[in-house]
2 protein chains.
Amino acid sequence: MAEAPASRKLVIASHNPGKVREIRDLLAPLGFDIISAGEAGAPEPEETGHTFAQNALIKAEACMTATGLPALADDSGLEVDALGGAPGIYAARWAGPEKDFGVAMERVERELQQAGAKTLQDRRANFACALALAGTDDCYHIFIGRVFGHLVWPPRGDRGFGYDPIFVPDGYDITFGEMDPAEKHRISHRAAAFAKLVAHLRRTETTL
Amino acid sequence: MAEAPASRKLVIASHNPGKVREIRDLLAPLGFDIISAGEAGAPEPEETGHTFAQNALIKAEACMTATGLPALADDSGLEVDALGGAPGIYAARWAGPEKDFGVAMERVERELQQAGAKTLQDRRANFACALALAGTDDCYHIFIGRVFGHLVWPPRGDRGFGYDPIFVPDGYDITFGEMDPAEKHRISHRAAAFAKLVAHLRRTETTL
């Protein structure tokens, strides 16, 4: 067990400095003192869940148990309707050990062709993000956000990451890869999940 | 997908009629229309989680996804301090295919002896119950309740079930197996988890 939890400390169960910085910016106005999993000495558990929510919970719960502090974790990916929701929680795995999302995007397009996808409707997809908050009060909360759209080929734009260059959100004619990052952050699946989390934190005025 | 969700329908992800009846009695005052997983045609997923919270979430999420209705699931067990929290999520499995908790209790006592447990402090244990509520609004909530005490040998009383005959809760000198059921339901781990759930439902006045 680490030191006794202060009222608004929150560990981000991620070893990605960019993600921790982004979350710090989002939650600082609510008075949270954000600590990274690395700073807190938290482990990286195996993601054995079958859904985004389960994987986010596994990470948040392991981090809270190891540090004795409230923890926040996320899990996200791309779900393609015509592929039964694939790649889903395997979105990163499709990119292989080299994390080559060019390969992963080609696989999505190949499987769409094999599934006989022709119309825009056949190419529907969404990004999903699950945020899990594991409190030290034995209460956990999970919030899922989604952004809906369709997939294009070939990939367009180099401003995003992952599957961004093939995803066009509803109401736009450019991909996430072509979109201004501030605009993307405003309408993204992660933004939708964070809006639910922030509403919860404000509503409960929780000390976690 | 089943019919569109009514505002206060709630599926209990359990195929145990006694448990469904107990939860119906607890939540009826809040205006919930309780349906059993059997009535709703919901599946029983494999419990592959590593904690009570993860197993409860797996069951609630699978039930909500299958029925299109908000779902509530629980997972519970006995945690023995000197055994590093075992049997924990394996509490039912220790009873074997015959569900013989006499065998399971003997195993707990044997392992306590092997661990050199002598004092009351060496025999500390708790029951834990995780309740997971999976809403159709992409928000899930998990509430964990615990009751702390110590283990005795030999087993005493036949009014409870499972490990009840060897568990003496703090502040009492009788086991859960000897206790009046109404008294046990008032102080139990499940009561503690339900108190948190009910407080949440009242606070959010959620329509799920």
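Just above sits the structure.
Residues numbered from 1 in each chain as written. Chains lettered and ligands numbered in written order. Predicted model: local features only at pLDDT ≥ 70, side-chain atom pairs only at ≥ 80, totals over all residues. Heavy atoms only, no water.

1. Notes on the overall build of chain A
1) Next: Looking only at helices and strands, chain A features six helices and six strands.
2) Next: Reading the secondary structure of chain A in the N-to-C direction produces β-α-β-α-α-β-α-β-β-β-α-α.
3) Next: Expected size for 208 residues packed as a compact globule is a radius of gyration near 17 Å; at 18 Å, chain A falls within 12% of this value.
4) Next: Viewed in the frame of its principal axes, chain A has a C-alpha envelope of about 55 × 30 × 25 Å.
5) Next: Counting only residues that meet the buried cut, chain A has 50% of its 208 residues in that class.
6) Next: In chain A, the share of contacts with a sequence separation of at least 24, taken over all contacts with a separation of at least 6, comes to 57%.
7) Next: For chain A, the exposed surface amounts to about 9,600 Å²; the carbon and sulfur share of it is 51%.
8) Next: Counting 22 positive and 29 negative side-chain charges, chain A places the centres of these two groups 3 Å from one another. (Helix = DSSP H or I, 4+ residues; strand = E, 2+ residues; numbered from the N terminus. Rg over C-alpha atoms; globule rule 2.2 N^0.38 Å. Buried < 20%, exposed > 50% of the residue type's maximum accessible area, 1.4 Å probe, protein only. Contact = heavy atoms within 4.5 Å. Areas by Shrake-Rupley, 256 points an atom, 1.4 Å probe, with all protein chains shown as cover. Lys, Arg positive; Asp, Glu negative; His and termini not counted. Charge placed at Lys NZ, Arg CZ, Asp CG, Glu CD.)

2. Re the interface of chain A and chain B
1) Next: The partner chain B presents 20 residues to the 20 residues of chain A that form the contact.
2) Next: Looking at the side of chain A facing chain B, the largest losses of area belong to Asp138(A), Tyr140(A) and Ile142(A), adding up to 26% of the total buried there.
3) Next: Put simply, chain A and chain B have two salt bridges between them.
4) Next: With a shortest N-O distance of 3.0 Å, Asp138(A) and Arg146(B) are connected by a salt bridge.
5) Next: For the interface between chain A and chain B, the tally reads 15 residue pairs in polar contact (both at pLDDT 80 or more).
6) Next: For the side of chain A that touches chain B, the elements supplying multiple residues, two or more each, are helix 3 (52-67), strand 5 (139-151) and helix 6 (189-204) of chain A.
7) Next: Per-element tally for the side of chain A that touches chain B: the top contributor is strand 5 of chain A, with seven residues.
8) Next: Residue classes in the side of chain A that touches chain B are distributed as eight nonpolar, six polar and six charged.
9) Next: The pairing of strand 5 of chain A with strand 5 (residues 139-151) of chain B spans five bridges and is classified as antiparallel. In the sheet register, His141(A) faces strand 5 of chain B, and the bridge partner there is His141(B). (Buried area = accessible area lost by both parts, 1.4 Å probe. Salt bridge = Lys/Arg side-chain N within 4 Å of Asp/Glu carboxyl O. Polar contact = N/O pair within 3.5 Å; in protein donor to acceptor, adjacent residues only side chain to side chain. Nonpolar A, V, L, I, M, F, W, Y, C, P; charged D, E, K, R; others polar. Pairing = 2+ DSSP bridges.)

3. Let's talk about the relation of the copies chain A and chain B
1) Next: In screw terms, the move from chain A to chain B is a rotation of 180° and a rise of 0.0 Å along the axis, fitting with an RMSD of 0.0 Å. The transformation just described matches what one would write down for a two-fold rotation axis. Closest to the rotation axis within chain A is the C-alpha of His141(A), separated from it by 2.3 Å.
2) Next: When the interface residues of chain A are mapped onto chain B, 100% of them again lie at the interface, so the same face is used by both copies. (Least-squares fit on C-alpha atoms with pLDDT ≥ 70 in both.)

4. Examining the nonpolar core
Generally speaking, a soluble globular protein has its nonpolar side chains buried in company with each other.
1) Next: Counting 45 residues, the largest nonpolar core has Leu57(A), Tyr140(A), Ile142(A), Leu57(B), Tyr140(B) and Ile142(B) as the members making the most contacts within it.
2) Next: Elements with a contribution of two residues or more to this core: helix 3, strand 3 (71-80), strand 4 (124-134) and strand 5 of chain A together with helix 3 (52-67), strand 3 (71-80), strand 4 (124-134) and strand 5 of chain B.
3) Next: The residues touching Ile142(A), leaving out its near neighbours within four places in the chain, are Ala53(A), Leu57(A), Ala130(A), Leu131(A), Ala132(A), Leu57(B), Asp138(B), Cys139(B), Tyr140(B) and Ile142(B). (Core = buried A, V, L, I, M, F, W, Y, C linked by side-chain atoms within 4.5 Å.)

5. Overview of the packing of aromatic side chains
1) Next: Inspection of the entire model under this criterion finds eight aromatic pairs over all chains.
2) Next: An angle of 10° between the planes, with centres 5.9 Å apart, marks the rings of Phe127(B) and Phe176(B) as stacked. Taken together, the residues span a long stretch of sequence, with Phe127(B) in strand 4 and Phe176(B) in the loop between strand 6 (167-169) and helix 5 (181-187) at a distance of 49 residues.
3) Next: Phe176(B) gets classed as buried once you look at its relative accessible area, which sits at 0%.
4) Next: In this structure an aromatic cluster arises from ring pairing among Phe127(A), Phe167(A) and Phe176(A). (Phe/Tyr/Trp six-rings, centres within 6.5 Å; stacked < 30°, edge-to-face > 60°.)

6. Some thoughts on the packing of helix 1 (residues 17-27) of chain A against helix 6 of chain A
Residues and elements named next belong to chain A.
1) Next: Packing of helix 1 against helix 6 leaves a shortest axis separation of 12 Å and a crossing angle of 45°. Accordingly, the angle class assigned to the pair helix 1 and helix 6 is oblique. Between helix 1 and helix 6 lies a crossing whose hand is right-handed. Of the residues in helix 6, those in contact with Lys 19, Glu 22, Ile 23, Leu 26 and Leu 27 of helix 1 are Arg 190, Phe 194, Val 198 and Leu 201. (Axes fitted to C-alpha atoms, helices over the stretch in contact; angles between N-to-C directions. Parallel < 35°, antiparallel > 145°, perpendicular 65-115°, else oblique. Left-handed = near helix turned anticlockwise from the far one by under 90°.)

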